[in-house]
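Below, each chain spelled out in residue letters.
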Amino acid sequence: MSRMSLKIKLTILYTFFMVIVTCAALLILFSLSSREVLSSVQTKLENRVQKSVEDIDYKEGEFVIDNDFYSVFRDIYLSIYDENMYFMFGKIPHGFDENPGLSDGEMRRITDGGKDWYVYDMSFRIDASNTVYVRGITSVTDAEESFAVTVRFALILFPILVLATAIIGYRITRRALMPVRKMTQTVKEIREDADLSRRIGINGNEKEGDEIRILAETFDSMLDELEKVFEREKQFTSDVSHELRTPVSVILAQCGETLSCGNLAEKDRDAVLLIRRKAEETADLLAQILFFSRADQGRQPISKEWINLGEITEMAVEEQKLLLEASGKDIDIFYDPKPELYAEADETLFIRLIGNLLSNAVRYSRTGGRIDVILKKSGDEIVGEVRDNGIGIRKKDMPKIWERFYRADPSRSEEGSGLGLSMVKWIAETHGGWADAESVFGEGSSFRFGIPVKKK
Ligand code: ADP
């Protein structure tokens, strides 16, 4: 029951109550009606018997019986008996073979021939010394049967009525709950596409709309507010990064100039070099933040061209090798270039993607480590892999490494901002591709991505 939708639950609930109320109403109605039917049969029988005396005449020892006496009106049979129970005139219904004793003015119910009968006797004094009895007989079973037809009709109608109530009720509930369905759908879409511009789009106002519609409207206006706040925040990040870029460039330029003087003391030189390194890192971080703020605002330019991803990867690998040489780190990078790995992609973005994966592999490798870079065509995609035998990633950190600013273990490396992998994912997905990772803590990691050859 708890897994059923609200529509179904409500429909079952009121159909159940509807069945109970209707059953109770029908029971009361039937029991009242059945009593009513029987008492009306009795009254008719009594009246007919009392009136029948008008059809009986007794003149000079002879009975003159009117034809009306013999007619079976309203299913009532009339007959006349003398005081000794001797049948004189009239009609007895077929199937009523019993001949019960006379009982003046008493309504009796007698079963005979598989049927129930009402028998009513009434004495009638024809002269000073003679009395006859008029007997009226009518079938109770016939009267009950005609009532049973009504009951049967009601019993057929009842399930139809219940079904109709359930269907109509279901449709009404469905309609009433439609805004809830739309709300759920909208929230899902917002979550999946990270798009706050979605709205439920049901108009209701406090006078016309029901409570759920008003809730949907309130929800939409809350989304309006949220979207404005997020836009403001994105704009703020973008503005701050822009503003900070100028002073950082000035610091870098000044560092360059100071270093080029040549007459700096060793200690001062080291200090300026440190300032320059930190300023470069800050410039790099600002560039990444600007990248994401442009991406979030849909302003990150993407110009796809038919480019050789193999060639770009080769260049990125060579660049990393030079950096390694310069830094004196003992790490080997292996790449077996394959010709003609063309795809429709943005060159700058792809350089960032492969560059981030390579610099991560170097950053999290150990001395004497090995990095393997593989790029190949698989179906209608170019699939790449950067594999290292470095420090690896803990299982619990795996789902979070793609989040912005997330760093699994910041103490392991001073460098890095926690933005590299989110950028890799964003770039791959913007191209209609994907990115994922596998890692064994302490043994190494493998990062894979796919870029469709042609725009989907
Ligand atoms: P960072 O700038 O810290 O490298 P990333 O977004 O590139 O940020 O990576 C997020 C985190 O994922 C890193 O802080 C690191 O803990 C982990 N990580 C990324 N690449 C590797 C790798 N090749 N080996 C081990 N850990 C990695």
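Coordinates for the structure precede this section.
Values in this document were obtained by computation on a predicted structure and should not be read as measured data.

A few words on the site of the ligand. Close contacts around the ligand come from 20 residues, with N360, R363, R407, S417 and L421 the closest. Interatomic distance of 2.9 Å between a side-chain N/O atom of Y364 and an oxygen atom of the ligand. Elements that contribute at least two residues to the shell around the ligand include exactly α7 (347–363), α8 (420–430) and β14 (444–452). Of all the elements, α7 adds the most residues to the shell around the ligand, at 3 residues. In the shell around the ligand, the residues fall into 9 nonpolar, 7 polar and 4 charged.

We now examine the side chain of S417. Tracing the sequence through the fold places S417 in the loop between β12 (381–388) and α8. Given the relative accessible area of 19%, S417 is considered buried. At 3.4 Å, the side chain of S417 and the backbone nitrogen of L419 are in polar contact. When neighbours within four sequence positions are excluded, S417 is seen to be in contact with L285, Q288, F405 and R407.

Both faces of the sheet carry side chains from a regular strand, because those side chains alternate between them. Alternating positions in strand β10 (residues 342–345) separate cleanly, A343 and A345 being buried on one face and Y342 and E344 remaining unburied on the opposite face. By the bridge criterion, 4 bridges tie strand β8 (residues 305–308) to β10 in an arrangement that is antiparallel. When the bridges of β10 are listed, E305 appears paired with A345.

What follows is about helix α6 (residues 309–327). Compared with the 27 Å implied by 1.5 Å per residue over 19 residues, the 27 Å span of α6 between its first and last C-alpha is a close match. By the burial criterion, the buried members of α6 are L309, G310, I312, T313, A316, V317, Q320 and L324. Relative to the axis of α6, the buried residues are bounded by an arc of 160° and lie together on one face. The exposed residues of α6 that point more than 90 degrees off its buried face are E319, L322, E325 and A326. Its side-chain oxygen 3.1 Å from the backbone nitrogen of G310, N308 forms the N-cap of α6. Looking one or two residues beyond α6, the residue adopting positive phi is G328, at roughly 75°.

So, how was this worked out
Residues numbered from 1 in each chain as written. Predicted model: local features only at pLDDT ≥ 70, side-chain atom pairs only at ≥ 80, totals over all residues. Heavy atoms only, no water. Near = heavy atom within 4 Å. Polar contact = N/O pair within 3.5 Å; in protein donor to acceptor, adjacent residues only side chain to side chain. Helix = DSSP H or I, 4+ residues; strand = E, 2+ residues; numbered from the N terminus. Nonpolar A, V, L, I, M, F, W, Y, C, P; charged D, E, K, R; others polar. Buried < 20%, exposed > 50% of the residue type's maximum accessible area, 1.4 Å probe, protein only. Contact = heavy atoms within 4.5 Å. Pairing = 2+ DSSP bridges. Expected span 1.5 Å × (residues − 1). Arc of directions from axis to C-beta.

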